[in-house]
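What the coordinates show
Listed here are the chains, written in short residue letters.
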Amino acid sequence: MKPENLVLDSTGSNFNIKIIDMGLGQTFEKSRYLNRSKGSVYYTAPEQIKGKYNEKVDIWSCGVILYILITGLPPFSAFKTDQHGRQVLDVEEVKRLIEKGHVDFTDEIFQDVSPELIPLLKRMLTYEAEERPEASQLMHFPWLHQTSEKGHRQEGTQISSLIGSFQFDFVELALL
Amino acid sequence: MVTPAPLTPEIFPYKLCSEIEMLISMDHNNIVNIYEYYLYRDQVFMVMEYLEGGELLNVIQNNPELLSENNIRKIMSDILSAVAYMHSKNIGSFYATFGNLECTAI
């Protein structure tokens, strides 16, 4: 799952998100593990790097998407300078960071959103796949059923411009 | 929207057809509808639901209000609902890659 696959069905405020091209989504059996790694490195789950994974990687990548929507940046990123002096994504370093799995929740941007949102994000980015909840369990999470009052983030001007620079500068280099 | 995709020998035609049939069989408000598909020479054409809103990250750049907490909640509810549905049908999205299946609207 990656944001490039998420499309809005209308231009108005009453939009729905549609997943397009889950592409050749793969059928799985509950206990079986897959060992082919696909997708962008930003959204890759730790167990995907190790090579043995199942559908729980979708929960991780949804957590990465949520992290980006809150902060404007992916939770794991690293850059290096190439031989032409350009800043490029350091895929190997990003993989190392994901394998360590340390997510930074200290950014003050997290104070703009309800405190109930952070536990949901932490649950989605649970390092061990077996301990990571399923999507159907996450849907009962309290934050998804409340409405934000004034004082919580009403719009994210700064964040949307961050997403803009992040997407156009680095996303194509982020393909594994 | 009509999207041609180049076919690779490994997936053409049987595996691809069965995967597209699987996509067509999905019935969820947050998963794009695919109505039918055609194979023509080395390309597959899929007739998909028209989505006028555009790609999420592109839309966000011009509409920062989409990043209000209430809109993030709507976005995440939609995504999780679709993922829960897919997983209930034993379909994972993790195989998806734009690298393999380049979609171009024509």
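Our structure's up above, just so we're on the same page.
Residues numbered from 1 in each chain as written. Chains lettered and ligands numbered in written order. Predicted model: local features only at pLDDT ≥ 70, side-chain atom pairs only at ≥ 80, totals over all residues. Heavy atoms only, no water.

Some remarks on the overall build of chain A
Selection criterion: Secondary structure counts use DSSP, requiring at least four H or I residues in a row for a helix and at least two E residues in a row for a strand, with both numbered from the N terminus. The rule is simple: take the accessible area with a 1.4 Å probe, protein chains only, and divide by the maximum for that residue type; under 20% is buried, over 50% is exposed, in between is partly exposed. Should any heavy atoms of two residues lie within 4.5 Å, those residues are counted as being in contact. To be clear on the numbers: accessible area is Shrake-Rupley with a 1.4 Å probe, and residue cover counts the displayed protein chains and nothing else.
Per the secondary structure count, chain A includes six helices and five strands. Across chain A, helices and strands are ordered from the amino to the carboxyl terminus as β-β-β-α-α-β-β-α-α-α-α. A buried classification covers 56% of the 176 residues belonging to chain A. Long-range contacts, defined here as pairs at least 24 residues apart, represent 59% of the contacts in chain A between residues at least 6 apart. When the accessible surface of chain A is totalled, it reaches about 8400 Å², and 48% of it is carbon and sulfur.

Brief notes about the packing of aromatic side chains
For clarity, the threshold we go by: Only Phe, Tyr and Trp rings take part, Trp by its six-membered ring, and two of them pair if their centres are within 6.5 Å. Stacked means planes under 30 degrees apart, edge-to-face means over 60, and tilted covers everything else. Charge-over-ring contacts are defined here by two conditions on Lys NZ or Arg CZ: a distance within 6 Å of the ring centre and an angle within 35 degrees of the ring normal.
Counted under the stated rule, the structure contains five aromatic pairs over all chains. Considering the side-chain rings of Y67 of chain A and F110 of chain A, the 5.7 Å spacing of their centres and the 65 degrees angle between planes classify their relative orientation as edge-to-face. Placement of the pair is Y67 of chain A in helix 2 (residues 56–71) and F110 of chain A in the loop between helix 3 (91–100) and helix 4 (117–124), with a sequence separation of 43 residues. Taking relative accessible area as the criterion, Y67 of chain A reaches 7% and is therefore assigned buried. With relative accessibility at 7%, the residue F110 of chain A sits in the buried group. Grouping aromatic residues by their ring pairs yields a cluster made of Y67, F105 and F110 of chain A. In this structure, K122 of chain A packs its charged tip against the face of F105 of chain A, placed 5.1 Å from the ring centre. Taking NZ or CZ as reference, R73 of chain B lies 4.7 Å from the ring centre of W143 of chain A, over its face.

Some remarks on helix 2 of chain A
Residues and elements named next belong to chain A. For clarity, the threshold we go by: Each helix should span, by expectation, one fewer than its residue count multiplied by 1.5 Å.
For helix 2, with 16 residues, the first-to-last C-alpha span of 23 Å sits near the 22 Å given by 1.5 Å per residue. With respect to burial, helix 2 is a largely interior element, 16 of its 16 residues being buried. Where helix 2 terminates, the next one or two residues include G72, which has phi positive at roughly 90 degrees.

Structural notes on the pairing of strand 3 (residues 43–48) of chain B
Residues and elements named next belong to chain B. What counts here: We treat two strands as partners when DSSP finds at least two bridges between them.
Across six bridges, strand 2 (residues 34–40) lies against strand 3 in antiparallel orientation. Following the sheet pairing, I34 is matched in strand 3 by M48. From the end of strand 2 to the start of strand 3, which pair antiparallel, there are two residues, and R41 there has a positive phi angle of about 50 degrees.

Regarding the nonpolar core
What counts here: Nonpolar core, defined: a set of buried Ala, Val, Leu, Ile, Met, Phe, Trp, Tyr and Cys residues in which side-chain atoms within 4.5 Å join the residues together.
In this structure, L66, L69, I70, L120 and M124 of chain A together with M76 and I79 of chain B are the most contacted members of the largest nonpolar core, which totals 77 residues. Per-element accounting of this core gives the leading share, 11 residues, to helix 2 of chain A. Excluding its chain neighbours within four sequence positions, the residues that come into contact with L69 of chain A are R153 and I159 of chain A together with L56, I60, L67, I72, I75 and M76 of chain B.

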